[in-house]
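Remarks on the overall topology
Here are the chains, one letter per residue:
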Amino acid sequence: QNRQAHTLLETFLKSGSFHLRKYSINHLRLLYRANTPDFHVWGVQLLVSQLEQPDKDLGLAALSVLEEACEDPLCLGSLIKQKPSFKLVGACGHNLMTMMLQRPEGLGYLLQQQWVDSQLRLWRGGANGGACVRYAEGLESALVTALNHADGGPPPSGAYWNAIQRKNRTEADDYYFERIHAL
């Protein structure tokens, strides 16, 4: 019976309307979250097939599910074995490709695709500035959340970030700066 359901989903994804395919991709997310047996075998394969279709919106939807599913090592291994093409989703696939670097076979595939070399050239050329800003913003958000949880109440917004940006920190900034480093 499960095989029939898989076949039906595969049919929907191959020849269904846009809305049916989008619904099927979202259903695959639910099946992953429900720990459906052998999802890494058949579910990842169905999602990767959507990266090779001409509709970018559907490819991005499948990419989103794959990013979530590939937190599971079995799904990540299955993805790498399928050697997906990220041409449809372009730079949006960089997070998933970065995840693939966790495994030697993923690194080998991305080296073969010359993705690693192109990323190194971009970073050496200064494209890492935006990533550094995003990293700092993410760090600030995480620290504010940690302080909020530790205190039971919200700390002043961006206390750590403001302490770094200003050379002359106030006494309140020093207080939060010391608390963050104590975590």
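Residues numbered from 1 in each chain as written. Predicted model: local features only at pLDDT ≥ 70, side-chain atom pairs only at ≥ 80, totals over all residues. Heavy atoms only, no water.

Our next topic: the pattern of salt bridges. The tally for this structure, following the rule as stated, stands at four salt bridges. Linking Glu68 and Arg29 is a salt bridge whose minimum nitrogen-to-oxygen distance equals 2.6 Å. One end of the pair, Glu68, is in helix α4 (residues 56-69); the other, Arg29, is in helix α2 (residues 18-33), and 39 residues separate them in sequence. Under the relative-accessibility criterion, Glu68 is labelled partly exposed at 22%. Accessibility expressed as a relative area gives 16% for Arg29, which makes it buried. Several salt bridges converge on common partners, so that one network encompasses Arg29, Arg33 and Glu68. (Salt bridge = Lys/Arg side-chain N within 4 Å of Asp/Glu carboxyl O. Helix = DSSP H or I, 4+ residues; strand = E, 2+ residues; numbered from the N terminus. Buried < 20%, exposed > 50% of the residue type's maximum accessible area, 1.4 Å probe, protein only.)

Contact pair helix α1 (residues 2-15) / α2: the axes reach a minimum separation of 8 Å and the direction vectors enclose 140 degrees. On the basis of their axis angle, the class for α1 and α2 is oblique. The interaxial crossing formed by α1 with α2 has left-handed handedness. Contacts from Leu9, Phe12 and Leu13 of α1 reach α2 at Leu20, Arg21, Ser24, Ile25, His27, Leu28 and Leu31. Its residues assigned to classes, the contact of α1 with α2 shows seven nonpolar, two polar and one charged. (Axes fitted to C-alpha atoms, helices over the stretch in contact; angles between N-to-C directions. Parallel < 35°, antiparallel > 145°, perpendicular 65-115°, else oblique. Left-handed = near helix turned anticlockwise from the far one by under 90°. Contact = heavy atoms within 4.5 Å. Nonpolar A, V, L, I, M, F, W, Y, C, P; charged D, E, K, R; others polar.)

Moving on, we get to helix α3 (residues 39-51). One turn of an α-helix holds 3.6 residues; hence residues three or four places apart share an orientation. Along its 13 residues, α3 runs 17 Å from first to last C-alpha, staying within 8% of the 18 Å computed at 1.5 Å per residue. Every buried residue of α3 is listed here: Phe39, Trp42, Gly43, Val44, Leu46, Leu47, Val48, Gln50 and Leu51. (Expected span 1.5 Å × (residues − 1).)

Let us look at the packing of α1 against α3. The contact between α1 and α3 brings their axes to 10 Å, and the two run at 5 degrees. Taken together, the axis directions place α1 and α3 in an arrangement best described as roughly parallel. Across the interface between the two elements, His6, Leu9, Glu10 and Leu13 of α1 pack against Trp42, Leu46 and Gln50 of α3. Residues belonging to the contact of α1 with α3 are distributed by class as follows: four nonpolar, two polar and one charged.

Summed over all chains, the structure comprises two aromatic pairs. Considering the side-chain rings of Tyr32 and Phe39, the 5.7 Å spacing of their centres and the 55 degrees angle between planes classify their relative orientation as tilted. Using a relative accessible area of 16% as the deciding quantity, one classes Tyr32 as buried. On the accessibility criterion, Phe39 (3% relative accessible area) is buried. (Phe/Tyr/Trp six-rings, centres within 6.5 Å; stacked < 30°, edge-to-face > 60°.)

The next point concerns the nonpolar core. Of all hydrophobic cores here, the largest spans 35 residues; its most connected members are Leu28, Phe39 and Leu79. Taken together, the elements giving at least two residues each to this core come down to α1, α2, α3, α4, α5 (73-82), α6 (94-100), α7 (104-112) and α8 (115-151). Beyond its immediate stretch of four places on either side in the chain, Leu79 contacts Val44, Val48, Leu66, Cys70, Pro84, Leu96 and Met100. (Core = buried A, V, L, I, M, F, W, Y, C linked by side-chain atoms within 4.5 Å.)

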